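Okay, here's what each chain looks like letter by letter:
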Amino acid sequence: MFIKNTERDYVLEVSYELDEEDIRYLEANPIEEGDDWYKSKYKFIKDKIRNFLETNQPQFCPFCRTKLEIHGSNYYNHIEHLVSKSNKIKFMFKGNNLVLSCPCCNSKKNQSDTLVDSSTEFYPLNSGGFNIVHPYFDKFSDYIFYDEADGFKAVDGNNKGSNTIGAYSLNRIKLREKLEKDILNKSNTSSTAQDVLNLINTMDKEEQDKLIASIKDKIL
Ligand SMILES: [Zn+2]
């Protein structure tokens, strides 16, 4: 199934670390509320984060696993806060808290508390601190699979998987339609390949050799 595709089933290994310039700037311009994220005064830090994620994150949304449109897309993708920026302003620029996601997953995400201990002052250092599948700590396919009939489902009904499916509305109609289309396209492709093979089987040796030679000519 598409989720287990190795390109899509990644765990992020590196996160953006604030550099000295960022740290000095944030000390001089402290964050006051969740909406500060959208203020132009922080834009240059956000641009650095976006650049870093576009370069280092595989080009698939860490939630719905569809392809992200990266360069030249005029900020088509969103920087998602795994712990909501309004719940915890102190994690607003924390590297492990930031991933590039498709705009739908980002805007569908509700403000539900993704932290196991919502009163914590420190960003948890491992998977156990989070109620959702965390792209820096968890392998998606360990928690979630895709069923053609029922959509995204939690492996053995586990909580992290269920919470993630709920928080990002992974079974939203539009996404289901897109994935079904992708899956259908794939099966059409393989039936086309099967048709070609069937056709080859009807040919004699000389015709097969001619066809193979012309295919090689086209491809190589
Ligand atoms: Zn997505």
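Residues numbered from 1 in each chain as written. Predicted model: local features only at pLDDT ≥ 70, side-chain atom pairs only at ≥ 80, totals over all residues.

A. Structural view of the overall build of the protein chain. Along the backbone of the protein chain there are seven helices and four strands. Buried residues in the protein chain amount to 25% of all 220 residues. When contacts within the protein chain are restricted to residue pairs at least 6 apart in sequence, those whose partners lie at least 24 apart make up 61%. (Helix = DSSP H or I, 4+ residues; strand = E, 2+ residues; numbered from the N terminus. Buried ≥ 20, exposed ≤ 12 C-beta atoms within 10 Å, placed from the backbone. Contact = placed C-beta atoms within 7 Å.)

B. Representation of unusual backbone geometry within the structure. The phi torsion at R65 lies on the positive side, around 65°, for a residue other than glycine. The residue R65 is located in the loop between helix 2 (43–56) and strand 1 (78–81) in this model. Given 26 C-beta atoms within a 10 Å radius, R65 is considered buried. A positive phi angle, near 50°, is found at D156, a position not held by glycine. In this fold, D156 is placed in the loop between strand 4 (151–154) and helix 5 (159–167).

C. Seen up close, the confidence of the model for the protein chain. Residues with a pLDDT of 70 or more make up 90% of the protein chain, whose mean pLDDT is 88. Per-element mean pLDDT across the protein chain ranges from 73 in helix 6 (residues 173–201) up to 97 in helix 1 (residues 20–28). (pLDDT = per-residue confidence, 0-100.)

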